[in-house]
Amino acid sequence: MKFSLRQAVQIISAKARMLSALTIISLVIAACGSGYPELPPAPFVPPEEGPGENYLIGPRDDLEIFVWRNPELSLGITVRPDGRFSMPLVEDLPATGKTPSQLARDIEKKLSDYLQQPIVTVIVRGFVGPFSQQVRVVGEAANPQSIAYRANMTLLDVMIDVGGLTEFAAGDRANLVRFEGGEQKEYSLRIESLIKDGDIRSNVKILPGDVLIIPESIF
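The residue numbers shown here count from 1 along each chain, following its written sequence. Local features are withheld for residues below a pLDDT of 70 in this predicted model, meaning they are given only at 70 or higher, and side-chain atom pairs are given and counted only at 80 or more; totals for whole chains, interfaces and linings count all residues. Water and hydrogen atoms play no part in the side-chain values, which are based on all heavy atoms of the structure.

**Overview of the packing of aromatic side chains**
1) Next: Here a Phe, Tyr or Trp ring, Trp counted by its six-membered ring, pairs with any other such ring whose centre lies within 6.5 Å, and the pair is stacked when the planes are under 30 degrees apart, edge-to-face when over 60, and tilted otherwise. Scanning all chains against the criterion turns up one aromatic pair.
2) Next: Centre to centre, the rings of Tyr 55 and Phe 127 are 5.2 Å apart; their planes meet at 85°, and the pair counts as edge-to-face. Of the two residues, Tyr 55 sits in the loop between α1 (5-32) and β1 (62-67) while Phe 127 sits in the loop between β5 (120-126) and β6 (134-139), which places them 72 residues apart along the sequence.
3) Next: The buried label applies to any residue whose accessible area, calculated with a 1.4 Å probe on protein chains only, is under 20% of its type's maximum; exposed applies above 50%, and partly exposed to all values in between. Take Tyr 55: its relative accessible area is 19%, and that puts it in the buried class. Only DSSP runs of H or I with at least four residues qualify as helices, and only runs of E with at least two residues qualify as strands; both kinds are numbered from the N terminus onward.

**Examining the sheet that holds strand β8 (residues 174-180)**
1) Next: Two strands pair under a simple rule: DSSP has to find at least two bridges between them. Ordered by their spatial adjacency, five strands build an open sheet running β7-β6-β10-β8-β9, and the pairing between neighbours is mixed. Of all strands in the sheet, those bounded by a partner on one side alone are β7 (145-148) and β9 (183-189). The mean inter-strand angle of the sheet, taken between neighbouring strand axes irrespective of direction, is 20°.
2) Next: By the bridge criterion, three bridges tie β8 to strand β10 (residues 211-214) in an arrangement that is antiparallel. Each residue of the ladder has a partner; that of Asn 175, found in β10, is Ile 213. Here the axes come from fitting lines to C-alpha atoms, over the contacting stretch only for helices, and the angles between their N-to-C directions go from 0 to 180 degrees.

**Brief notes about a nonpolar patch on the surface**
1) Next: Only residues whose relative accessible area exceeds 30% and that form no salt bridge enter a patch; like-charged residues are grouped when within 9 Å of one another, and nonpolar side chains (Val, Leu, Ile, Met, Phe, Trp, Tyr) when within 5 Å. Each accessible area is a Shrake-Rupley estimate made with a 1.4 Å probe; only the visible protein chains count as cover when residues are assessed. Here a salt bridge means any side-chain nitrogen of Lys or Arg lying within 4 Å of a carboxyl oxygen belonging to Asp or Glu. On the surface, Phe 44, Val 45 and Ile 200 cluster together into a nonpolar patch covering about 290 Å² of accessible area.
2) Next: Positionally, Val 45 belongs in the loop between α1 and β1.

**Here we look at the pattern of salt bridges**
1) Next: Scanning the entire structure with this criterion turns up 11 salt bridges.
2) Next: The partner of Arg 150 in a salt bridge is Asp 161, and the shortest N-O contact between them spans 2.9 Å. One end of the pair, Arg 150, is in the loop between β7 and α3 (155-161); the other, Asp 161, is in helix α3, with 11 residues separating them in the sequence.
3) Next: The exposure class of Asp 161 is partly exposed, given its relative accessible area of 31%.
4) Next: A single salt-bridge network, built from bridges that share partners, covers Glu 38, Arg 190, Asp 199 and Arg 201.

**Things to note about the sheet that holds β5**
1) Next: A sheet is described by the order of its strands in space; here three strands give the open sequence β2-β1-β5, paired in antiparallel fashion. Each edge of the open sheet carries a strand with a single partner, namely β2 (75-78) and β5. The sheet shows a mean angle of 25° between the axes of neighbouring strands, taken without regard to direction.
2) Next: When β1 meets β5, the two strands line up antiparallel, connected through six bridges.

**Looking at the environment of Asn 203**
1) Next: Checked against the element boundaries, Asn 203 lands in the loop between α4 (191-195) and β10.
2) Next: Between the C-alpha atom of Asn 203 and that of Ser 193, which follows or precedes it by 10 residues, the distance is 9.3 Å.
3) Next: Contacts between residues were defined by any pair of non-hydrogen atoms, one from each residue, lying within 4.5 Å. Non-local contacts of Asn 203, meaning those with residues more than four positions away in its chain, are made with Pro 40, Pro 41, Ala 42, Pro 43, Phe 44, Thr 154, Leu 155, Leu 156 and Leu 194.
4) Next: Only 3.5 Å separates the side chain of Asn 203 from the side chain of Thr 154, close enough to count as a polar contact.
5) Next: Polar contacts involving the side chain of Asn 203 include one to the main-chain amide nitrogen of Leu 156, which spans 3.0 Å. Two N or O atoms count as a polar contact when they lie within 3.5 Å, although within protein this holds only if one can serve as hydrogen donor and the other as acceptor, and sequence-adjacent residues are included solely when both atoms are side-chain atoms.

**Focus: the side chain of Ser 188**
1) Next: Summarising the element assignment, Ser 188 is placed in strand β9.
2) Next: There is a polar contact of 2.7 Å between the side chain of Ser 188 and the backbone oxygen of Tyr 36.

**Looking at the side chain of Gln 134**
1) Next: With respect to the helices and strands, the residue Gln 134 is situated in strand β6.
2) Next: Here the side chain of Gln 134 touches Gly 129 through a polar contact of 2.8 Å, landing on its backbone oxygen.

What follows is the structure, given as structure tokens:
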């Protein structure tokens, strides 16, 4: 198909206007961000690191159960996807949402039908935790995944775990979804400013159950 000089100029002009409009839109989006409130900055290393909330067992956690003076009942098990597990003399006992100590007391109660004053210890070897204890990262992270929450965790720690951003990520338009006060809330994150520009003000505290959503850049 052949074009006249005038038609070619009109096509080039139209494309130029379209490109200019897209550029303006991109700049406006970048300037405005997601429109959600931002979280206050958090220190990279807390001045006083204390223990976090008690760990809650979740599906697919690896547990080691030790029954004192009963080696035939001591074993390692994995919590099933339905949140339960079975062991000798104990069938389909719920584990999800309990601390290791709480689960140990539940096992002792079940075993007391067969043993005199059983003493049980539960040790968690592989940490996954319930969804309420995980930090989930989706979108343009190098390795999107669910991470078991750790005490005093910050945004920088999460990004190290997922390997940073992809080359297509719009890190400064990322959102954090958090359930607090009985409702779901969203906050703006500036991940690119944190890991590429070294803006320490962009480092924020992460809580159990947080979901990080990293969108793709327009270009």
